[in-house]
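Chain residues, written in single-letter form:
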Amino acid sequence: MHALRRLRRESRRHVVYDLLLWVALGVFIAAMGPDPFRDPAGFAMVTVPRMGLAAVAVLVGRPFPLAALVLLLPLGPWQFSEGFATVDLSWLLPRRNVKILPLLATSPYIMWYAYLTGRRLARAWPAPAAFGMISLVGVAAVLAQGRDLALWVSMGTAIVGTYLVPYLLGLLRRLLLQQRRQTRLSVEAQARMRERARIARDMHDSLGHDLALIAVRAAGLELAPGLAPEQVKAAGELREAAADATERLREIIGLLREESDAAPLSPVGEDVAELVRRARDSGMSITLDLSPGPVPGLVRPVVQEALTNAAKHAPGAAVEISVSPDRIRVRNGPPRTRPTARPGGLGLAGLRERVRLAGGTLTATPLPDGFDLNVTIPTDRYPPTVDPHSGGKNAPGAARLGG
């Protein structure tokens, strides 16, 4: 049943093409046989069965080209009177006119099905078996015509030129298409991996930032006067849980960085002023200085990572942020309370790589009274971009925000 379903044509176009192929093949077969007007009996006995055989070959040739190749064996190049070329082999054979690559009117069709066999046949063993059968037919044709050494040369070139070379061309075509398909699948897989890494990076940056702000709020609540001991304990546990969650998040996806994620011309995303507002609402003291004009495309991840680190490692410290078209600087003072997390450096390492891929440089310098993060990006290589979500805050005339 499966084989019968494969014999069905997928479209009317396939039906028309195969019908035209059978008509053309039938015309050439008729030209090779007896004249239907002078010898109708010979035409009925020779040509009509051949045309029926050709019809079956065309019917099965699309899904099973090797079967069509075997069916067309009786119409193969086994008449050695005409050939693609005639050579003089008198230095080797007693005959001068030796036909090289004998050709018949049906030879192009046989070559086509040999090509399709190499192009479509997935299994390896049927082709050698079929070529063994073809060789036996060629040997029988030579023995029937006199066993002349010149006939053996003609038969060998007929098998090579009519069957083997087209088959190898089809096989080469199939291998090239498979390689192209594997390359395409590999590119798609890499694109999916880059997209997953980008999502993981965004999760790492945004969730890590939010968890750090939660820890800051919990630390402030822990030090608030008038709380009962159990409330202070709960606030401390919340702070430690947020810090532990941040570290686990960094361990899981903190090292996922892809070059495609470092594109500096991507939209800035969340407005820097909104980041600062959320951090200030959590209790951080921040001063933001946005210079007139556009801002670098990396401003959001740089500021977000810097605020996250300041909230975790220098809680209560004053933070100063300065943004210009080719420079981002974030400086924080010494911590006023115990840090909410142990030093890790994974987020900063990923940020350093992103800046490097953007053509810039990042320096992170511990100071006696705090920490300084400085990012420079050459505007001649990557022009700055305006934050599409800023609502004009990054346009000329933006103000200095203090907290």
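Relevant structure appears above.
Below is a short write-up of the structure.

So, how was this worked out
Residues numbered from 1 in each chain as written. Predicted model: local features only at pLDDT ≥ 70, side-chain atom pairs only at ≥ 80, totals over all residues. Heavy atoms only, no water. Helix = DSSP H or I, 4+ residues; strand = E, 2+ residues; numbered from the N terminus. Contact = heavy atoms within 4.5 Å. Axes fitted to C-alpha atoms, helices over the stretch in contact; angles between N-to-C directions. Parallel < 35°, antiparallel > 145°, perpendicular 65-115°, else oblique. Left-handed = near helix turned anticlockwise from the far one by under 90°. Nonpolar A, V, L, I, M, F, W, Y, C, P; charged D, E, K, R; others polar. Expected span 1.5 Å × (residues − 1). Buried < 20%, exposed > 50% of the residue type's maximum accessible area, 1.4 Å probe, protein only. Arc of directions from axis to C-beta.

### Section: the environment of Gly161
At step 1: Inspection of the secondary structure assignment puts Gly161 in helix α7 (residues 149-222).
At step 2: Residues Gly161 and Met111, spaced 50 residues apart in sequence, show a C-alpha to C-alpha distance of 8.4 Å.
At step 3: Here Gly161 is in contact with Leu101, Met111 and Pro166, once residues within four sequence places are set aside.

### Section: the packing of helix α2 (residues 12-32) against helix α3 (residues 40-61)
At step 1: The contact between α2 and α3 brings their axes to 9 Å, and the two run at 155 degrees. Classified by the angle their axes make, α2 and α3 are roughly antiparallel. Taken as a pair, α2 and α3 cross one another with a handedness that is right-handed. Here Asp18, Leu21, Trp22, Leu25, Gly26, Ile29, Ala30 and Met32 of α2 lie close against α3, whose contacting residues are Phe43, Thr47, Arg50, Met51, Ala54, Ala55 and Val58.
At step 2: Across the contact of α2 with α3, the residue classes tally to 11 nonpolar, two polar and two charged.

### Describing helix α6 (residues 126-144)
At step 1: In this model, α6 (19 residues) spans 27 Å end to end at C-alpha, consistent with the 27 Å of a helix rising 1.5 Å per residue.
At step 2: Within the span of α6, buried status applies to Pro126, Ala127, Ala130, Phe131, Ile134, Gly138, Ala141 and Val142. With its buried residues spanning 150 degrees around the axis, α6 presents them on a single face. The outward face of α6, more than 90 degrees from its buried face, is lined by the exposed residues Pro128, Leu136 and Ala144.
At step 3: A positive backbone phi angle near 120 degrees is found at Gly146, which sits one or two residues after α6.

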